[in-house]
Amino acid sequence: MSIKKAIKESRAYLCLECGKCTGSCPVSRFNHGYSPRLLVNKAIRSGQLELLKDKNIWACLTCKLCDERCPADIDYVNMTLAIRLEAQKIGEEAICSHGGAAQSLMRIMTTPDLQQKRMAWIDNDLKTTQSGETLYFVGCLPYFDVLFSDIEVNTLKAAKASVKILNHLGITPVVLPQERCCGHDLLWGGDLENFKKLAEHNINEIKRSGAKKVIFSCPEGYRTFKIDYPKYFECNFEVQHITELLAEALGNEQLKLKEMDKVVTFQDPCRLGRHLGIYEEPRKVISAVPELKLAEMVRNRKSAICCGVSAWMNCSTYSKSIQLARLKEAKQTAADMLVLSCPKCEIHFNCAMKDEKVGKDVKIETIQLVTLIADALIGG
Amino acid sequence: MNSQKAKFEPKIVAFCCNWCSYPAADGAGVSRLQYPTNIRIIRVMCGGRVTPSLVLKAFELGADGVLVATCHFEDCHYMFGARKAADVHKITEQLTEMIGIEKDRLMLDWISSAEATKFAKVAQEFTATIKKLGPSPIKKQMTGDKYQITEDIK
Ligand code: SF4
Ligand code: SF4
């Protein structure tokens, strides 16, 4: 897509220069050199090269908060994506966090005959299969847990919990031994070529397994399969996030849950919330646990603040400030636990809390929604 | 098949630390010890700096093997650098194995600046191992302009 077309499609020329986007942007709040309003302005007025070479095009978290607030209904996030895809073509790229290790892993995964060993997390008490109706898409969790072993995250817990829940509902999900990264981070980093290779591989593997429905616990994978894959490929399967499935199962009274005398608060992941409009399902699931109380953060649902980094790019002191501000907000609800539903939120918040210099007022236990539910299941 | 394998000249990246392994390689040169030209040395200030990202990048761009060479624990220039290298290496190893790169393609060794002979020996043995393994599973299937530099040795 050319920049002109992107501007047209995102309706950027309707910008009123009201500045609401910059006023609500979590990045602009701390990084005063970044302003979505100015970038919209630049996209319309300046030369293409100047725009593509602007380092600020990589600073956006693509969290969509500005889109939510914009009175002119401008699709800033999609414009940013289109600009990044163009920028990559002339060799521009983001500053990758962790020395680009995550990006290297993803690009290595484009190798067609790769023989990954990524299934070690599947314990004996979890039932999975090689072919069947329903597939569970794990995502890059096995890699995350190794790469971030220094901050002691255990994102695979959510995968185990997801399979446990599916088993509980009488589903034995397919888990692909040669599943690839969904390509989300490469796409948002502007690398369309390798994104497509990963997508094609995943779609073929799913086709081969015979699955008609793919379940996700990772919101980024879900968004990528739901919105981005169909743009480039034909997908003959249904996709669903596990919270949607859980809400459905609760409606049919298929799940019995144990009491939990606790107060929790919930972090809306940007991909699940503003990108896909799933706000109520996770809340419905949380409120289904007897005695469990949900205390909302001041900024929730459509106004929720992102976890500070996106697509393993541009992690900086600004990210840390965003994370600490959000954690403080979570802490202010007086909740015992912060419930998450994205592996990246887990990594980013826990990384921020690991800093010895940050005080107690931001330290809060985190738990993935699926883990919370899997632990509360009666008759496991 | 056999004749093709015999012709295979692997590309091996060796990250050598400034204080021990790099001088060892230098020493090997000065003493005219022979070691295969497949080894491409990248000098780093400390083996502890060789994070998973550097090793993965090398494999992504078509390296057939990666050698990380640091000081011995006892005589590390930065005291903790060699230990750090060993810790980081454990993470790197897990990642490369998980993604399907054979274990033997990645090696960590400790070579002091006085051990020129050891450097030559490690280089010879590691090259022999990689030759036996053949081209890396990633390089074999690389496509696109980005990778043309490695085309000639496919
Ligand atoms: S998408 Fe989020 S990070 Fe990007 S400009 Fe909008 S509010 Fe800021
Ligand atoms: S909120 Fe919308 S109309 Fe207002 S400055 Fe930002 S992009 Fe323009």
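Structural data are supplied above this passage.
Because the structure is predicted, anything quoted here is derived from the model rather than measured.

I'd like to hear about the overall build of chain A, residue by residue, with values.
Scanning chain A from terminus to terminus reveals 18 helices and 7 strands. A compact globule built from 380 residues should have a C-alpha radius of gyration of about 21 Å, and chain A, at 20 Å, falls within 12% of that. Taken along the three principal axes of its C-alpha coordinates, chain A extends 65 × 50 × 40 Å. Taking all 380 residues of chain A together, 60% fall into the buried category. When contacts within chain A are restricted to residue pairs at least 6 apart in sequence, those whose partners lie at least 24 apart make up 79%. Across chain A, the 52 positively charged side chains and the 46 negatively charged ones have centroids separated by 3 Å.

Give me the pairing of strand 2 (residues 39-44) of chain B: which residues, what numbers.
Residues and elements named next belong to chain B. Note: strand 1 (residues 12-17) against strand 2, 6 bridges, orientation parallel. The partner of Cys 17 across the bridge, within strand 2, is Val 44. Running through helix 2 (residues 21-30), the crossover from strand 1 to the neighbouring parallel element strand 2 is right-handed.

Before we move on, can you summarise the sheet that holds strand 2 (residues 213-216) of chain A with the specific residues and values?
Residues and elements named next belong to chain A. Read from one edge to the other, the open sheet built from 3 strands follows the order 1-2-3, with strand pairing classed as parallel. A single partner strand is all that each edge strand has here, and the edge strands are strand 1 (134-137) and strand 3 (238-241). For this sheet the average axis-to-axis angle between neighbouring strands, irrespective of direction, equals 25 degrees.

Give me the interface of chain A and chain B: which residues, what numbers.
If you look at the interface, chain A gives 23 residues, while chain B gives 18 residues. Regarding the contact of chain A and chain B, the summed buried area is about 1800 Å², with carbon and sulfur atoms giving 64% of it. Summed over the three residues of chain A that lose the most area to chain B, namely Ile 108, Lys 117 and Val 146 of chain A, the buried surface amounts to 30% of that side. The tally of links from chain A across to chain B stands at 3 residue pairs in polar contact (both at pLDDT 80 or more). By residue number, the principal contributor to the side of chain A that touches chain B is helix 8 (residues 101-108) of chain A, which donates 5 residues.

Give a detailed account of the sheet that holds strand 4 (residues 263-266) of chain A, specifying residues and quantitative values.
Residues and elements named next belong to chain A. Pairing in this open sheet of 4 strands is parallel, and the strands run 5-4-6-7 from one edge to the other. Both outer strands of the open sheet, strand 5 (293-294) and strand 7 (365-368), are each paired with one neighbouring strand and no more. Bridging between strand 6 (residues 337-340) and strand 7 involves 4 bridges; their strand directions are parallel. Paired with Met 337 across the strands is Glu 365, a residue of strand 7. Contacts from helix 15 (residues 280-287) reach strand 4, strand 5 and strand 6, with the element oriented near 170 degrees to strand 4.

Describe the environment of Leu 49 of chain A, listing the residues and the values that go with them.
All names here are of chain A. Within the secondary structure layout, Leu 49 lies in helix 5 (residues 48-52). When its relative accessible area of 53% is taken as the criterion, Leu 49 is described as exposed. Separated by 265 residues in sequence, Leu 49 and Asn 314 place their C-alpha atoms 21 Å apart.

Outline the site of ligand 1, supporting the account with residue identities and numerical values.
All names here are of chain A. Surrounding ligand 1, one finds 14 residues, the nearest of these being Cys 25, Cys 60, Cys 63, Lys 64 and Cys 66. Those elements giving two or more residues to the shell around ligand 1 turn out to be helix 3 (26-30), helix 6 (65-69) and helix 7 (76-89). Looking at the shell around ligand 1, its residues break down into 12 nonpolar, 1 polar and 1 charged.

Describe in detail helix 5 (residues 116-133) of chain B, supporting the description with residues and values.
Each α-helix turn comprises 3.6 residues. Residues three or four places apart therefore point the same way. Residues and elements named next belong to chain B. For helix 5, spanning 18 residues, the distance from its first C-alpha to its last is 26 Å, which sits close to the expected 26 Å at 1.5 Å a residue. For helix 5, the set of buried residues is Ala 116, Phe 119, Ala 120, Val 122, Ala 123, Phe 126, Thr 127 and Ile 130. Here the buried residues of helix 5 occupy an arc of 160 degrees about the axis, which is enough to place them on one side. Facing away from the buried side of helix 5 by over 90 degrees, the exposed positions are Thr 117, Lys 121 and Lys 132. Buried-residue contacts for helix 5 involve strand 1, helix 2, strand 2, strand 3 (65-70) and strand 4 (106-110). Just downstream of helix 5, Gly 134 is the residue with a positive phi angle, here 85 degrees.

Give me helix 4 (residues 81-98) of chain B: which residues, what numbers.
If you check helix 4 of chain B, its first and last C-alpha atoms are 26 Å apart, about what 18 residues at 1.5 Å a residue would give, namely 26 Å. Those residues of helix 4 of chain B lying buried are Gly 81, Ala 82, Ala 85, Ala 86, Val 88, His 89, Ile 91, Thr 92, Leu 95, Thr 96 and Met 98 of chain B. In this fold, the buried residues of helix 4 of chain B make contact with helix 8 and helix 9 (141-147) of chain A together with helix 3 (52-60), strand 3 and strand 4 of chain B. Positive backbone phi, approximately 100 degrees, marks Gly 100 of chain B, located one or two places after helix 4 of chain B.

Tell me about the packing of aromatic side chains, and please be specific about residues and values.
Under the counting rule described, the total for this entry stands at 14 aromatic pairs over all chains. Their ring planes at 80 degrees and their centres at 5.3 Å tell us that Tyr 35 of chain B and Phe 119 of chain B sit as a pair that is edge-to-face. Within this pair, whereas Tyr 35 of chain B is found in the loop between helix 2 and strand 2, its partner Phe 119 of chain B is found in helix 5, the two being separated by 84 residues in sequence. Of the residues examined, Tyr 35 of chain B reaches a relative accessible area of 24% and is grouped as partly exposed. By relative accessible area, which is 1% here, Phe 119 of chain B ends up buried. Taken together, Phe 137, Phe 195, Phe 216, Tyr 222, Phe 225, Tyr 229, Tyr 232 and Phe 237 of chain A form an aromatic cluster joined through their ring pairs.

Outline the pattern of salt bridges, supporting the account with residue identities and numerical values.
Once their charged atoms are close, side chains differing in charge can pair, the charge on each being opposite to the other. Evaluated as defined, the whole model comprises 31 salt bridges over all chains. Lys 57 of chain B is paired through a salt bridge with Glu 60 of chain B; the nearest N and O atoms lie 3.4 Å apart. Within this pair, Lys 57 of chain B and its partner Glu 60 of chain B are both found in helix 3, separated by 3 residues, close to a single helical turn. Taking the shortest distance from any N to any O, the salt bridge between Lys 121 of chain B and Glu 125 of chain B comes out at 3.7 Å. Placement of both Lys 121 of chain B and Glu 125 of chain B in helix 5 is noted, with a separation of 4 residues, approximately one turn of the helix. Look at Glu 125 of chain B and you get partly exposed, because its relative accessible area is 44%. Salt bridges sharing partners connect three or more residues here, namely Asp 268, Glu 280, Arg 283, Glu 296 and Arg 301 of chain A.

I'd like a description of the environment of Lys 7 of chain B, backed by residues and values.
If you trace the backbone, Lys 7 of chain B turns up in helix 1 (residues 2-7). Expressed as a C-alpha distance, the spacing of Lys 7 of chain B and Ala 123 of chain B, which sit 116 residues apart in the sequence, is 18 Å.

Conventions adopted
- In this convention, every chain numbers its residues from 1, walking through the sequence in written order.
- Here chains are named by letter from A upward and ligands by number from 1 upward, in the order in which they appear as written.
- For this predicted model, a pLDDT threshold of at least 70 governs which residues receive local features, and a threshold of 80 or more governs which side-chain atom pairs are given and counted, while totals over whole chains, interfaces and linings are taken from all residues.
- Excluded from the side-chain calculations are hydrogens and water; all other atoms, namely the structure's heavy atoms, are used.
- Secondary structure elements follow DSSP: runs of H or I of four or more residues count as helices, runs of E of two or more count as strands, with numbering from the N terminus.
- Only C-alpha atoms enter the radius of gyration, while the globule expectation follows 2.2 Å times N to the 0.38, with N the number of residues.
- Only protein chains enter the accessibility calculation, which uses a 1.4 Å probe; a residue whose area is less than 20% of its type maximum is buried, one above 50% is exposed, and one in between is partly exposed.
- Note on definitions: a residue-residue contact is assigned when non-hydrogen atoms from the two residues lie within 4.5 Å.
- We count Lys and Arg on the positive side and Asp and Glu on the negative side, and we leave His and both chain ends out.
- Working definition for charges: the position is that of NZ of Lys, CZ of Arg, CG of Asp or CD of Glu.
- By the convention used here, strands pair only if DSSP detects at least 2 bridges between them.
- We call a crossover right-handed when, viewed with the strands running away from us, the connection from the first strand over the helix to the second turns clockwise.
- Angles here are taken between N-to-C directions and fall from 0 to 180 degrees, while the axes themselves are lines fitted to C-alpha atoms, restricted in helices to the stretch in contact.
- Buried area: the accessible surface (1.4 Å probe) lost by two parts on joining, summed over both.
- Nitrogen and oxygen atoms within 3.5 Å of one another constitute a polar contact, given that in protein one can donate a hydrogen and the other can accept it, and given that sequence-neighbouring residues count only through two side-chain atoms.
- In these notes, residues near a molecule or strand are those with any non-hydrogen atom within 4 Å of it.
- Each residue is assigned to one class: nonpolar for Ala, Val, Leu, Ile, Met, Phe, Trp, Tyr, Cys and Pro, charged for Asp, Glu, Lys and Arg, and polar for all the others, Gly among them.
- The length a helix should cover is 1.5 Å for every residue beyond the first.
- What the arc measures is the spread of directions leading from the helix axis to the C-beta atoms.
- Aromatic contacts are taken between Phe, Tyr and Trp rings whose centres are within 6.5 Å, Trp giving its six-membered ring; a plane angle under 30 degrees counts as stacked, one over 60 as edge-to-face, and the others as tilted.
- We define a salt bridge as a contact between a side-chain nitrogen of Lys or Arg and a carboxyl oxygen of Asp or Glu at a distance within 4 Å.

These figures come from the coordinates and say nothing about function on their own.
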